[in-house]
Amino acid sequence: MLVAFVVTVVFISVLRPIARAVGLVDKPGGRKTHTGEIPIVGGMAMFAGMFAAFTLMPSDAFSWPAILAASAILVIVGAIDDRLHIPAPARISAQVAVVLLMVYGAGLPLSSIGDPFGTGEIVMGRFTLVFTMLVTLAMINAYNLVDGVDGLAGSLSLLALLAIAAVAGYAHPMAGVALTISAAIMGFLIFNFPTPWNRKALTFMGDAGSTLLGFAIVWVTLGISQGPDRLISPVHCLWFASVPIYDLFTCFVRRILKKKSPFTPGRDHFHHTLRRGGLGVRQTLGILVVLQAGYAIVGVAAHKAGISDVVMF
């Protein structure tokens, strides 16, 4: 955790001036209301922190070589997109490749979704790869879409990972993984959480960071919810990422009802609605973080209490 935190902070400090020099910055305008040109290096820095920390861990604990290779693809494609805005099919193709690496390289398919309807455990069988693909792409893009307020995507990801660590327990490899990624996020939040003293050092994670975190949460969740030694039902895990999931679902439904493509960019996300209601950045962040913290606590407590999948779904 210490290595992940320190490396992330150091890389952000080093990369910020380089990002300004090469034009890897987020400029205000359109749907973006921030002030000034903000370096987009948080995703690369968090990946560097994760890489440095994971290489200190035994590879047989959680197949980190395959996971880091998959993460590297997301970060590279995301960084290019942050700078040059590559087409959506290219981004989706990269995400599909990442899922294949996760399933076949790390052995982490989503083969069971628990018992959400009270009819017995639902096993995906021959549809496992397709279903894993759909869920992973949805989660990657859910965290990408929710990244619209300073500190929001990082804080929501942090809460999900802490909930996973609480379920896994100290001795489980995935607890160490979740806490290590959490430490990298904390290093990033020093430069991104909206506080009066970090305005001059403000840094964004960009698509490189948001897609990385969405993927990391899927991977760690599968590590504790799949296989014969699973610790928790996937249904309970939905509570750990409720806000991004709800945000993605409601935006897509609203756009489809308006006969628009669900992938059309818009200002209909939760954070946009709260801002239009007159709330500031910190108030919006506080409301969504408190909601997600409450959902995560419910998910962990329900798991500990043995509440059924039907009730939780």
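It should be noted that the structure appears before, not after, this text.
Owing to the predicted nature of the structure, the values given are computational and were not obtained by experimental measurement. (Residues numbered from 1 in each chain as written. Predicted model: local features only at pLDDT ≥ 70, side-chain atom pairs only at ≥ 80, totals over all residues. Heavy atoms only, no water.)

## Topic: the overall build of the protein chain
Right, on to step 1. For the protein chain, the count of helices and strands is 13 helices and two strands.
Right, on to step 2. Relative to its length of 313 residues, the protein chain is compact, with a C-alpha radius of gyration of 19 Å against a globular reference of 20 Å.
Right, on to step 3. Seen through its principal axes, the protein chain has C-alpha atoms that stretch 55 × 50 × 35 Å.
Right, on to step 4. The buried share among the 313 residues of the protein chain stands at 50%.
Right, on to step 5. Expressed as a percentage of contacts within the protein chain between residues at least 6 apart in sequence, the contacts between residues at least 24 apart total 71%.
Right, on to step 6. Accessible surface, the protein chain: about 14100 Å² in total, of which carbon and sulfur atoms supply 69%.
Right, on to step 7. Distance between charge centres in the protein chain, computed from 21 positive and 14 negative side chains, equals 11 Å. (Helix = DSSP H or I, 4+ residues; strand = E, 2+ residues; numbered from the N terminus. Rg over C-alpha atoms; globule rule 2.2 N^0.38 Å. Buried < 20%, exposed > 50% of the residue type's maximum accessible area, 1.4 Å probe, protein only. Contact = heavy atoms within 4.5 Å. Areas by Shrake-Rupley, 256 points an atom, 1.4 Å probe, with all protein chains shown as cover. Lys, Arg positive; Asp, Glu negative; His and termini not counted. Charge placed at Lys NZ, Arg CZ, Asp CG, Glu CD.)

## Structural notes on unusual backbone geometry
If a residue is not glycine, its phi is most likely negative; likewise, a peptide bond is most likely trans.
Right, on to step 1. Its identity as a non-glycine residue notwithstanding, His 85 has a phi of 60°, on the positive side.
Right, on to step 2. Secondary-structure assignment places His 85 in the loop between α3 (64–84) and α4 (88–105).
Right, on to step 3. You can call His 85 exposed: its relative accessible area is 58%.
Right, on to step 4. The phi dihedral of Lys 259 falls on the positive side, at around 60°, and the residue is not glycine.
Right, on to step 5. Tracing the backbone shows Lys 259 in the loop between α10 (242–257) and α11 (270–276).
Right, on to step 6. Look at Lys 259 and you get exposed, because its relative accessible area is 80%.

## Here's the deal with the pattern of salt bridges
Right, on to step 1. For the structure on display, the rule yields three salt bridges.
Right, on to step 2. Arg 230 is paired through a salt bridge with Glu 121; the nearest N and O atoms lie 3.1 Å apart. Here Arg 230 is found in the loop between α8 (206–225) and α9 (234–237), whereas its partner Glu 121 is found in the loop between α4 and α5 (128–145), with 109 residues between them in sequence. (Salt bridge = Lys/Arg side-chain N within 4 Å of Asp/Glu carboxyl O.)

## As for α10
It helps to recall that an α-helix has 3.6 residues per turn; residues three or four apart then point in one direction.
Right, on to step 1. Over its 16 residues, α10 runs 22 Å from end to end, which matches the ideal 22 Å to within 8%, given 1.5 Å per residue.
Right, on to step 2. Along α10, the residues classified as buried are Ser 242, Val 243, Pro 244, Asp 247, Leu 248, Cys 251 and Arg 255.
Right, on to step 3. Where the residues of α10 are buried, they touch α5, α6 (152–168), α11 and α12 (281–305).
Right, on to step 4. Within two residues after α10, Lys 259 carries a phi angle of roughly 60°, on the positive side. (Expected span 1.5 Å × (residues − 1).)

## Structural notes on the packing of α4 against α5
Right, on to step 1. Contact geometry of α4 with α5 gives a least axis separation of 10 Å together with a crossing angle of 125°. It follows from the interaxial angle that α4 and α5 lie oblique. With respect to the hand of their crossing, α4 and α5 are arranged in right-handed fashion. Counted together, Ile 92, Gln 95, Val 96, Val 99, Leu 100, Met 102, Val 103 and Tyr 104 of α4 and Leu 129, Thr 132, Met 133, Thr 136, Leu 137, Ile 140 and Asn 141 of α5 form the full contact between these two elements.
Right, on to step 2. Tallied by class, residues from the contact of α4 with α5 come to eleven nonpolar, four polar and no charged. (Axes fitted to C-alpha atoms, helices over the stretch in contact; angles between N-to-C directions. Parallel < 35°, antiparallel > 145°, perpendicular 65-115°, else oblique. Left-handed = near helix turned anticlockwise from the far one by under 90°. Nonpolar A, V, L, I, M, F, W, Y, C, P; charged D, E, K, R; others polar.)

## Examining the packing of aromatic side chains
To describe a pair of aromatic rings, you give the distance between the ring centres and the angle between the ring planes.
Right, on to step 1. Here the structure, examined in full by the defined rule, presents six aromatic pairs.
Right, on to step 2. On the numbers, 6.1 Å between centres and 70° between planes, the contact of Trp 239 with Tyr 295 is edge-to-face. Of this pair, Trp 239 sits in the loop between α9 and α10 while Tyr 295 is found in helix α12, placing the two residues 56 residues apart along the sequence.
Right, on to step 3. An aromatic cluster of at least three residues, connected via ring pairs, comprises Phe 54, Phe 215 and Trp 219. (Phe/Tyr/Trp six-rings, centres within 6.5 Å; stacked < 30°, edge-to-face > 60°.)

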